[in-house]
Amino acid sequence: MTVELFIQNVFNALTVGSLYALIAIGYTMVYGILRFINFAHGDIFMAGAYLIFFIAFHLSWPIAAILAIAGSSLLGILVDQTAYRPLRDAPRISALISAIGVSFFLENLALVVFTGLPRPAVQPKWMVDPIVVGGVHILPLTFLVPVVTAVLVLGLLWIVHRTRPGLAMRAISRDIETTRLMGVSIDRIIALTFGLGSALAAAAGIMWAMRYPQIHPFMGVIPGFKAFIAAVVGGIGSIQGAVMGGLLLGTVEVMAVAFNPTLSGYRDAFAFVLLIVILLFLPTGLVGEKIKDKI
Amino acid sequence: MKLLKILAAALFAVSLMASTGQAQVKVGVYLPLTGQNAFGGQLELDGINLAAGTLPEVLGQKVELVVMDNKSDKVESANAVRRLIENDKVVAIIGTYGSSLALAGGEVAEASKIPVVGTSCTNPLVTQGKTYYFRACFIDPYQGAGAATYAVKNLSAKKAALLTDVSNDYAVGLSEFFKRSFLALGGEIVAELKYNSGDQDFTAQLTEIISKAPDVMFMPAYFAEGGIIMKQARELGATFRIMGGDAMDNPETVSIAGEAAEGFIHTSFPYDSNMPDMNAEAKAFTEAWKKANPDKEPNVNAALGYASYVMVLDAITRAGSADPAAITTALAATKDLNTPLGLLTLDKDHNPQMPVGIIEIKDGKRAYLGEITPE
């Protein structure tokens, strides 16, 4: 493999990896606080992509992005209020099943409302006109996605570590009962958590649709699934871990093909075998700690 | 309680009406109306409905279409056929778009001995060795050879690369047939890359293909993935010609790929609303379509749906009865049947012979370049 080809693949990996990372953060954040996998995350991601698809017809792109993220946040909070909140004190498996139900519900709702037809996404031209440096083609989006991811992660860390609701989130993640006894409105904090998690999912959905300009009701299933795995490999509950896991998964996927072009049909198999091996040696993931502050 | 009585009376009346009404011939339709292949399925259904509107009766009985959605899913496809046969007792079935779906549905029809006419399932295995599966479309060896012939003769291509969805029977078959013909015509295959249905990132595969500098890349994808592949290829600086199969014949190809679709060439069936010399049946179909759907261009999938319905009705007429066994025998003997795709004659493997249409995307629009007979 030539150096040029390798560098091209590094950028390919960075683009897809940072998108996985962006989705994975949402999973890990909700898990960190509630110890619960929000399987509807991938569908909020899809909702974000559809929202921007419809809003960007009428309004300019940045406003559409903000509205789509806000709308998805509300959807996330609504999902929590209707499907998870009544099950707060039920066994955890019940909430998990409810999450899977919500996921199917949202997918099929989208199928009825938007039909199964894939739709082209709106792509601002400056994001997808490649920059050519020494034979390597790089999309501006490739730089934008990690920047957006970094800004969102920093914002999230600031909220979690520097604000009062963040303090309450951390308290809930350690001991929900005691936090409630201290007079914290648990439900409001959890709603905030879902709102933030869903905003991240929508941001990821929008960026994903920029990169892969095709929107359909099941678009969240596979990226959501892969991002969930990335979050687990990184160490679920850890925001830094989610970013590392996402980048690692993207890199492995791209390099598996780059180094074995004849076996490219087995790309996912290569990627997941490696991830299984990582989990065998590091059962709590790359940066997973035993039981400590999980966010 | 009173309400219940009224309901019961109403139900009784309805059932009485149904049983005393005119006898009906039930024809099942199974197509992907939702999911990945919904677009093609919907168009084929439009074509079938159009044909049913034109030819509503056979043997003096009304034809009743029973439509099932196979949801672009192999399991649902088998279920749809089972339901049509066991629940609705249809005498013949039309469908489906998608060879994987047809293979799944065909198993059930074969076991239940109900004839099926495929609309656009082009993989040879759909009818090969089957007694009850027929089709209105050509098969992939023919289509793949058509694409390879065009690449070598008209585009002077010497080196080709393949990018194939390994989880799709249609794509695997078509790539294989393209490869065989391209090699036979003296070409060279420089790269064979693969992916799985549902993948969205093809940059690693495309980077490898670009490094091998082929003249053409053959990519027998469905339009949804195909559009993204073309886009990513151009973003990575690919300058080679991209070619595909009939599954790319869809307006969405251009709306997803945008400028990247420029110069894309794909094979298709020999019908196009802008084709230069149209036969009488194709003209009739085009006019009927424009009357029924003034805002939609007639498309080849609709023509195939239309032709499939015509095939079934022709078979029932010649059989002189709506008995599935008699229809099967009559279908196998289909000869010189007038359809929008030309005169249709089925060979011993239940496949019609027809030339391969070549379409190029020019200025964001499909242009019918003509027909080619594969070598």
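Residues and elements named next belong to chain B. Splitting chain B by domain gives domain 1 (2-138 + 280-344) and domain 2 (141-268 + 357-372). One C-alpha centre belongs to domain 1, the other to domain 2, and the line joining them spans 31 Å. The junction of domain 1 with domain 2 conceals about 1,400 Å² of combined surface from both sides, 54% of it contributed by carbon and sulfur atoms. By the criterion of area lost to domain 2, the three top residues of domain 1 are Gln36, Phe39 and Phe138, representing 39% of everything that side buries. At the boundary of domain 1 with domain 2, the tally comes to zero salt bridges. Seen at the junction of domain 1 and domain 2, the total is two residue pairs in polar contact (both at pLDDT 80 or more). When residues of the side of domain 1 that touches domain 2 are traced back to their parent elements, those giving at least two are helix H4 (99-112) and helix H11 (300-319). Partitioning the side of domain 1 that touches domain 2 into residue classes produces six nonpolar, nine polar and one charged.

An ideal rise of 1.5 Å per residue puts 30 Å on 21 residues; helix H11 (residues 239-259) of chain A measures up with 30 Å between its terminal C-alpha atoms. At the N-terminal end of H11 of chain A, a side-chain oxygen is found 2.9 Å from the backbone nitrogen of Gly241 of chain A, two or three residues along, and the residue is Ser238 of chain A.

Residues and elements named next belong to chain A. One way to put it is that helix H1 (residues 3-34) packs onto helix H2 (residues 41-55) with a least axis distance of 10 Å and a crossing angle of 130°. Between H1 and H2, the angle is such that the two are oblique. For the pair H1 and H2, the crossing hand works out as right-handed. Where H1 approaches H2, its residues Ile23, Gly26 and Tyr27 are matched on the opposing element by His41, Gly42 and Phe45. Considered class by class, the residues forming the contact of H1 with H2 number three nonpolar, three polar and no charged.

Cut-offs applied
- Residues numbered from 1 in each chain as written.
- Chains lettered and ligands numbered in written order.
- Predicted model: local features only at pLDDT ≥ 70, side-chain atom pairs only at ≥ 80, totals over all residues.
- Heavy atoms only, no water.
- Domains from an automatic or database assignment.
- Buried area = accessible area lost by both parts, 1.4 Å probe.
- Salt bridge = Lys/Arg side-chain N within 4 Å of Asp/Glu carboxyl O.
- Polar contact = N/O pair within 3.5 Å; in protein donor to acceptor, adjacent residues only side chain to side chain.
- Helix = DSSP H or I, 4+ residues; strand = E, 2+ residues; numbered from the N terminus.
- Nonpolar A, V, L, I, M, F, W, Y, C, P; charged D, E, K, R; others polar.
- Expected span 1.5 Å × (residues − 1).
- Axes fitted to C-alpha atoms, helices over the stretch in contact; angles between N-to-C directions.
- Parallel < 35°, antiparallel > 145°, perpendicular 65-115°, else oblique.
- Left-handed = near helix turned anticlockwise from the far one by under 90°.
- Contact = heavy atoms within 4.5 Å.

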